[in-house]
Amino acid sequence: MMSGTVVDSSSPTAAAPDDISGSVLELDEDEDLEVFSKDTNFMDGSSLNTSMQTSPGSMVNQYKFEEEEEQSDTKDIFVTVDNPESHVTAIETFITYRVLTKTTRSEFDSSEYEVRRRYQDFFWLKCKLEEAHPTLIVPPLPEKFVMKGMVERFNNDFIETRKKALHKFLNRIADHPILSCSEDFKVFLTAQAWELASHKKQGPGFLSRMGDTVRAVAATVRGVRNRPEEFNAIQDYVEAFSQKMTSMDKITQRIIKEQKEYLEEMKECGPIYTLWSGSEEELVEPLKMMASCLDRCCRDSEEHTQYLSSNLLPILHEYVLSTETLKAVLRRRDNIQAEFEAKNEALATKKTDSEAESKMLSLAWDSLVGKDPDEIRQQKQQKHKGEIKELKEEIDKLEDKLEWANNTLKGDWSRWQKSMRSDLKAAFTYTAEKNMEYYEKCLAVWESFLLSQRTEASEGGDRDES
Amino acid sequence: MKCACATNYNTVRMMADTGSEEIAVIGNTDLTPSELENNIKNTMVEKGTTLLKRMEISVAEAEKRTGKNAVSMQETYTVYLIETRAVDAASEGANPAPDSLWRRYSEFELLRNYLLVTYPFVVVPPLPEKRAEFVWHKLSADNMDPDFVERRRVGLENFLLRVASHPVLSNDNIFYSFLTQEQSWKEVVFETGFQAKADSRLKALNATFRVKNPDKRFAEMKHYGDELQSVISQLLRVRARVADRLYGVYKVHGNYGRVFSEWSAIEKEMGDGLQSAGHHMDAYAASVDDILEEEEHYADQLKEYLFYTEALRAVCRKHELCQFELEMAAQDLTSKKQQREELATGTVRTFSLKGMTSKLFGQETPEQREAKLKTLETQIEDGEEMVKEKNAECEEFVKNAWVDIERFKEQKDRDLKEALISYAIMQISMCKKGIQVWSNAKECFSKM
């Protein structure tokens, strides 16, 4: 138990980070949670600042994506999403999922955490990560809204699919060398509900966010002039890949549908053979055996279809969603470049206009107000120099920002490609194996049929199959 | 050499029919002519030297013809080439060319109708269906469709082989001429006068009458025929739907092939793996056509027995008819005898119009009574003859029919069991193909 500082426990949602101490967590009934120390950094809401502190160059050196392979051996954080539960309030009904974290990382005060999160929270996390790392490829979230005529939002299949996708989402973040170090990620995994709510309220204010948006829109409108070729190539690839993945998703869904319909019809065969056996004498055994074999094949088919639904389809769907992310990342990078280009243009304009301007209009004005032309000219020139210097400083900053953005994107792009290749290769390979398994099971069923009949007609089983 | 074992499916039949392991085309040359003669009368399948043992028969080809029909209208029809060759000639290594003639489906129908009428106690083998039924959507229901024609050719051959291996039917001369006499076969058939019998047979089959004492076995057999018909119909319907669905599953995989191929164009490392996997997906999608064609054979085997149930029912009905006629004759005799008694003793025990009128209008004269008695006596004599005849007919029919039904039952059990086994073999083949394709695909994926 903690001897805590004075805390107003009646108002758990304290305003400023510093007031929240670990002692507040005493309110938590959960025995598993270790009590926290009074680490005020824990509640540092603004993760925006942390990423921009060092120069781009050193940043790139830090993120050694090639060391990715080692990470899987030295994985030090494990996250699971499970146990969906329905919550009913006066206003709404929603589902929360249990998020379990086990970690040995030193940034975490404890080695195990258990929290409950709803979809909104995951969405918040994604937005924060994208804000902090505009040119990193944040893993996709399952869709917010239900489409394709599935009316029941809380249908079991839907919840199960979503749960698995959320699990994937968090694990991909945990595997990412940069994203997994995000403060927001840590808060997401560890904070209690009200703490998370409080943390969410922090960060850049509304007005500054508006400012960002306005700049972003302006940049979009202007468009980027000289996109480097490699990003063009990535853009083209993403476009094509997106189409292919969408097709793959659709095809797989169709296969599942056809297989389900096939199963429905097949299920009717066995009973007919059983019915038939009731009229026969000599044929009773073979007919009953037929019925049994068909039933077994039906079960095998069902299992196989289930595999496709719960394993192959989700990964394909995830990659369909990730192409949207990729497009957004490319757009954001473009915007950064556009901003940079715009500022450069502004500078160029400023430089060329410096002479002409001071000559014409201001002289006219000055003569009107009766000022000394030379003095005024000097003042103007000073002011002008200052403005140019400011612009140049801004441009330098933007140049750094652009270089940093490009490098992180390139790095993450190569990481994404590797992941994609390995994920899809694994998924397809496993699917092929599952298909083989299905046929092998059916083969065994029918061979057992032949075996059971072999005692009778000697010529029956010996005849070669075509 | 085109022989009677034209397809695997037919080989099965033949071997099943003759009950021996050897291929029947290598004929049994051990029997002397007199034994041959005796054996024709013998209805036991195992010992019979049916026509099939002496002659190779096949329906080798099908061709389209056009010609003028009965009402001088132009029509297109298909003819089938029947080839025959004496077994002896082949076994001596001479290998002469077979004799052949062309027949169309309607002639087969004529032959069958003749056999139905002439041998009412035989469960006559059915013809392949006239029109395609129980089709799944990809299969054409068009009679001119080459696949349908091919399956019909096989079915017709099967029909001929079954007749040729039947202990009774195979000895029929009309059947023999059907196989060998190109010209004027139709006239010969009609000369037998079977048409007249055909009409009365049809009428009898469709008439409703109640039999008081049918042979229980026949009643059970008829019931069995109905059940079998129902169950096979259901099976064929479901099977058609299953085929449709299976087709869908396989064909959609073809889309994987297309997408993999397109996708491989934008990938560097994964390109080759995707491309070759795509080919396997295409192969997988294409493989369903063969699979379903093989399955069609299974459906055909079931169909044959579906149609057999009609023949079975016909034999049972014929028994009922015989029995009914016997009962009618017996009833008639009894009533005549009763009338005689009444006339002799003068008592009217049974109500009759004659009795009433004589009561009303006075008795008849002794002469009239005498005449009546005489007529009755004759009628009773005739009636007794009739009953004896009918009885003998019935017994004969029951004896012969039951033998053939037993033969049919054994054949049916053998054939259907074979069919089930061949279905299993077909499924195994399908599974092996599937394993192969996905194993290949897996290899491609692992190289991605």
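Treat the numbers as computed from the prediction; the structure is a model and nothing was measured.

## With respect to unusual backbone geometry
- Positive phi values are uncommon outside glycine, yet Asn83 of chain A reaches one of about 55°.
- Checked against the element boundaries, Asn83 of chain A lands in strand β1 (residues 77–88).
- Residue classification places Asn83 of chain A among the partly exposed residues on the basis of a relative accessible area of 34%.
- One non-glycine residue, Ser184 of chain B, adopts positive backbone phi at about 50°.
- Along the polypeptide, Ser184 of chain B turns up in the loop between α7 (173–180) and α8 (185–191).
- We classify Ser184 of chain B as partly exposed; its relative accessible area is 41%.

## With respect to the domain arrangement of chain A
Residue and element names in this part refer to chain A.
- Partitioning chain A into structural domains gives domain 1 (1–195) and domain 2 (253–457).
- Taken together, the contact pairs 26 residues of domain 1 with 28 residues of domain 2.
- Taking both partners together, domain 1 and domain 2 bury about 2400 Å²; carbon and sulfur atoms supply 60% of that area.
- Our enumeration of links across domain 1 and domain 2 arrives at three salt bridges.
- The interface formed by domain 1 and domain 2 includes nine residue pairs in polar contact (both at pLDDT 80 or more).

## Some points on the environment of Phe324 of chain B
- For Phe324 of chain B, the location among the structural elements is in helix α11 (residues 271–345).
- Along the sequence, Phe324 of chain B and Asn213 of chain B sit 111 residues apart, while their C-alpha atoms lie 8.6 Å from each other.

## Remarks on the UniProt feature "coiled-coil region" (unreviewed entry) in chain B
- Look at the UniProt record and you will see "coiled-coil region" (unreviewed entry) annotated at residues 373–400 of chain B.
- When the span residues 373–400 of chain B is considered, its composition is 100% helix and 0% strand, and the gap between its end C-alpha atoms is 40 Å.

## Focus on the packing of helix α4 (residues 119–132) of chain A against helix α5 (residues 156–175) of chain A
Residues and elements named next belong to chain A.
- Interaxial distance between α4 and α5 falls to 12 Å at its minimum, and their mutual angle equals 30°. The angle between α4 and α5 falls in the class roughly parallel. For the crossing formed where α4 meets α5, the hand is left-handed. Side by side, α4 and α5 meet where Tyr119, Phe122, Leu125, Lys126 and Leu129 of the first sit next to Arg162, Leu166, Phe169, Leu170 and Ile173 of the second.
- Its residues assigned to classes, the contact of α4 with α5 shows eight nonpolar, no polar and two charged.

What counts, and at which threshold
- Residues numbered from 1 in each chain as written.
- Chains lettered and ligands numbered in written order.
- Predicted model: local features only at pLDDT ≥ 70, side-chain atom pairs only at ≥ 80, totals over all residues.
- Heavy atoms only, no water.
- Helix = DSSP H or I, 4+ residues; strand = E, 2+ residues; numbered from the N terminus.
- Buried < 20%, exposed > 50% of the residue type's maximum accessible area, 1.4 Å probe, protein only.
- Domains from an automatic or database assignment.
- Contact = heavy atoms within 4.5 Å.
- Buried area = accessible area lost by both parts, 1.4 Å probe.
- Salt bridge = Lys/Arg side-chain N within 4 Å of Asp/Glu carboxyl O.
- Polar contact = N/O pair within 3.5 Å; in protein donor to acceptor, adjacent residues only side chain to side chain.
- UniProt positions renumbered as here; feature names shortened; annotations may be inferred.
- Axes fitted to C-alpha atoms, helices over the stretch in contact; angles between N-to-C directions.
- Parallel < 35°, antiparallel > 145°, perpendicular 65-115°, else oblique.
- Left-handed = near helix turned anticlockwise from the far one by under 90°.
- Nonpolar A, V, L, I, M, F, W, Y, C, P; charged D, E, K, R; others polar.

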